[in-house]
Amino acid sequence: MTALGWTLADAWTITRRTLLHWRMQPGPIIFGWLFPVLMMLMFGALLGGAIEMPSGDSYYELLVPGIFALAMLFGLEATMTAVTTDVSKGVTDRFRSLPMSSAAVVLGRCIADLLDSVVSLIVLSAAGLALGWRWHGGVLDALAAFGLLLWLRFAVLWIGIFIGLTVRNAQSITAVQVLVWPVGFLSSAFVATSTMPDWLGTIAQWNPLSATATAARSLFGNPDPSAASWIGDHALEAAIIGPLLLTAIFLPLSAARFRRLSR
């Protein structure tokens, strides 16, 4: 087997380890899939009657793609926790001492977390369809929208790996988790940026989460009455470039931190 083949085989072994954890302890993973559904139900009930949509569209047409994007961001917490737990318990050091590719440890985590996000999107899509959300474009456009959502998750995943390798213990993650919520809410996930003060709406529109949500709404054919702006008119490009820049920054940082882990 080639070096690449061994790396992929080792990565799949690490992925299977995570999948076995899901089977042995399904509670946390199922809660992670259902929590965004709870948010969808809660915010749909709280804000649905107060927000007027153009042409009388359902508020879920705006909300559901926003929750899709928000779920990709919230996956950061699961990645951070899993990586930090493995480091603090010495599991990562044990993997590093084995005759296996060092890249396989991180790559296996990536594969497992992306599989988790795929299931999460399936569950959210089923809930959204049950609540009245629909996509109005073709199948290829819908697949492209889901691809952008997973692209955002891939970028956020590297941020989570870097933080997980950097903090000292699982308790330290709490402070980082608190910061995830303002980033998620300061976006177009729940409301159109046109309803915000100008300065706040500008910040929200330049949030990578907003770019992905806006691009997904466009591909799904859902309305998005956010204020017109350069970033809003180029949401598709921003949804590709933003995660690419995050990956370009945090993937090398994660690799460097992993190499220095035991030094």
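Before reading further, recall that the structure is shown in the block above.
Residues numbered from 1 in each chain as written. Predicted model: local features only at pLDDT ≥ 70, side-chain atom pairs only at ≥ 80, totals over all residues. Heavy atoms only, no water.

A. Structural context of the overall build of the protein chain. Counting its secondary structure elements, the protein chain contains eleven helices and zero strands. Its helices and strands taken in sequence order, the protein chain reads α-α-α-α-α-α-α-α-α-α-α from the N to the C terminus. Radius of gyration (C-alpha) of the protein chain: 19 Å, near the 18 Å computed for a compact globule of 263 residues. Its C-alpha atoms give the protein chain principal-axis dimensions of roughly 60 × 35 × 35 Å. The proportion of buried residues among the 263 residues of the protein chain is 47%. When contacts within the protein chain are restricted to residue pairs at least 6 apart in sequence, those whose partners lie at least 24 apart make up 84%. Split by element, the accessible area of the protein chain, about 12900 Å² in all, is 69% carbon and sulfur. (Helix = DSSP H or I, 4+ residues; strand = E, 2+ residues; numbered from the N terminus. Rg over C-alpha atoms; globule rule 2.2 N^0.38 Å. Buried < 20%, exposed > 50% of the residue type's maximum accessible area, 1.4 Å probe, protein only. Contact = heavy atoms within 4.5 Å. Areas by Shrake-Rupley, 256 points an atom, 1.4 Å probe, with all protein chains shown as cover.)

B. Examining the layout of surface pockets more closely. Volume-wise, the largest pocket comes out at about 920 Å³. Pro28, Ile29, Ala78, Ala82 and Asp116 are the residues nearest the centre of the largest pocket, which is lined by 32 residues in total. Elements supplying a minimum of two residues to the lining of the largest pocket: helix 1 (3–24), helix 2 (26–47), helix 3 (59–88) and helix 5 (102–131). Of all the elements, helix 3 adds the most residues to the lining of the largest pocket, at ten residues. For the lining of the largest pocket, the residue count by class is 15 nonpolar, nine polar and eight charged. (1 Å grid on protein atoms, 1.4 Å probe; cavity = no way out; pocket = protein on both sides within 12 Å on 5 of 7 lines; lining within 4 Å. Points joined across faces, edges and corners; volume = space filled by probe spheres on them. Nonpolar A, V, L, I, M, F, W, Y, C, P; charged D, E, K, R; others polar.)

Spatial relationships are all this shows, so hold off on functional conclusions.
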